[in-house]
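The chain contents come next:
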Amino acid sequence: VGLAETIKYIASFMANNGPFDGILGFSQGGILLSILCLMRKNPQFFVKTFNLSPDVLGKIDFKFAWICAGFLPRCVELKPLLDEILSVENSKEKQSN
C-alpha cells in the first residue's frame, strides 16, 4: 500500500468517525502525522504529486498534532517539498544569528 492509499484510508476514517480535535502520532505514526501536517499546509503539492482529489484532502481535518519520537519522512516523492521547507528554515536561522 502506498502513501496515496494510506491518505485515502485516513480521510475515510476521519470522515466516518470524526470530528477530531487532535491527533497523536508516535514513532512511525509520527512520520505519517508529519506528512498529514505537510498535506494540510501544501494541499496542491499532494493533489499534483499523489493524484489526490481536494475532496479527499478536505476530509482530513484536525486542530493540533502531537508528534512523539518521529522523524522526517524518507518518501522520495516528498523530497522536493521537504528540501524547500528545510532551506527556508535554514535561511531564517542564519538571519537570526
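The structure this text deals with has already been given above.
Residues numbered from 1 in each chain as written. Predicted model: local features only at pLDDT ≥ 70, side-chain atom pairs only at ≥ 80, totals over all residues. Heavy atoms only, no water.

### A word on helix 3 (residues 43-50)
Reasoning step 1: Of all the positions in helix 3, only Phe46, Val47 and Phe50 are classed as buried. Mapping the buried residues of helix 3 onto a view down its axis gives an arc of 110 degrees, with all of them on the same face. Exposed residues lying more than 90 degrees from the buried face of helix 3 are Gln44 and Lys48.
Reasoning step 2: The inward-facing, buried residues of helix 3 abut helix 1 (3-17), helix 2 (28-41), helix 4 (54-58) and helix 5 (79-96).
Reasoning step 3: Looking one or two residues past helix 3, Asn51 carries a phi angle of roughly 55 degrees, positive in sign. (Buried < 20%, exposed > 50% of the residue type's maximum accessible area, 1.4 Å probe, protein only. Helix = DSSP H or I, 4+ residues; strand = E, 2+ residues; numbered from the N terminus. Arc of directions from axis to C-beta. Contact = heavy atoms within 4.5 Å.)

### Considerations on a nonpolar patch on the surface
Reasoning step 1: On the surface, Leu24, Phe64 and Trp66 cluster together into a nonpolar patch covering about 370 Å² of accessible area.
Reasoning step 2: Topologically, Phe64 is positioned in strand 2 (residues 64-68). (Patch = residues over 30% accessible without salt bridge, like charges linked within 9 Å, V, L, I, M, F, W, Y side chains within 5 Å. Areas by Shrake-Rupley, 256 points an atom, 1.4 Å probe, with all protein chains shown as cover. Salt bridge = Lys/Arg side-chain N within 4 Å of Asp/Glu carboxyl O.)

### With respect to the state of the cysteines
Reasoning step 1: Following the criterion strictly, the structure yields 0 disulfides and no others.
Reasoning step 2: With no disulfide of its own, Cys37 lies 12 Å from the sulfur of Cys68, the closest cysteine sulfur.
Reasoning step 3: According to the relative accessible area criterion, Cys37 is partly exposed, its value standing at 28%. (Disulfide = S-S within 2.5 Å.)

### With respect to the pattern of salt bridges
Reasoning step 1: Counted under the stated rule, the structure contains 4 salt bridges.
Reasoning step 2: The partner of Asp21 in a salt bridge is Lys63, and the shortest N-O contact between them spans 3.4 Å. With a gap of 42 residues between them, Asp21 in the loop between helix 1 and strand 1 (22-26) and Lys63 in the loop between helix 4 and strand 2 connect regions that are remote in the sequence.
Reasoning step 3: Close ionic contact of Asp61 with Arg40 constitutes a salt bridge, the shortest N to O distance being 3.1 Å. You can see Asp61 sitting in the loop between helix 4 and strand 2 and its partner Arg40 sitting in helix 2, a full 21 residues away along the chain.

### Observations regarding the nonpolar core
Reasoning step 1: Ranked by size, the top nonpolar core spans 24 residues in total, and within it Ile7, Leu36, Phe46 and Ile60 carry the most contacts.
Reasoning step 2: Listing elements by their share of this core, those giving two or more residues are helix 1, helix 2, helix 3, helix 4 and helix 5.
Reasoning step 3: Look past the residues within four positions of Leu36 in its chain and what remains in contact with it is Ile7, Ile10, Ile60 and Phe62. (Core = buried A, V, L, I, M, F, W, Y, C linked by side-chain atoms within 4.5 Å.)

### Structural notes on unusual backbone geometry
Reasoning step 1: Residue Pro19 is bonded to the preceding Gly18 through a cis peptide linkage, with omega at 10 degrees.
Reasoning step 2: Within the fold, Pro19 resides in the loop between helix 1 and strand 1.
Reasoning step 3: Unlike most non-glycine residues, Asn51 shows phi in positive territory, near 55 degrees.
Reasoning step 4: In this structure, Asn51 sits in the loop between helix 3 and helix 4.
Reasoning step 5: Given a relative accessible area of 66%, Asn51 falls into the exposed group.
Reasoning step 6: The phi torsion at Ala69 lies on the positive side, around 55 degrees, for a residue other than glycine.

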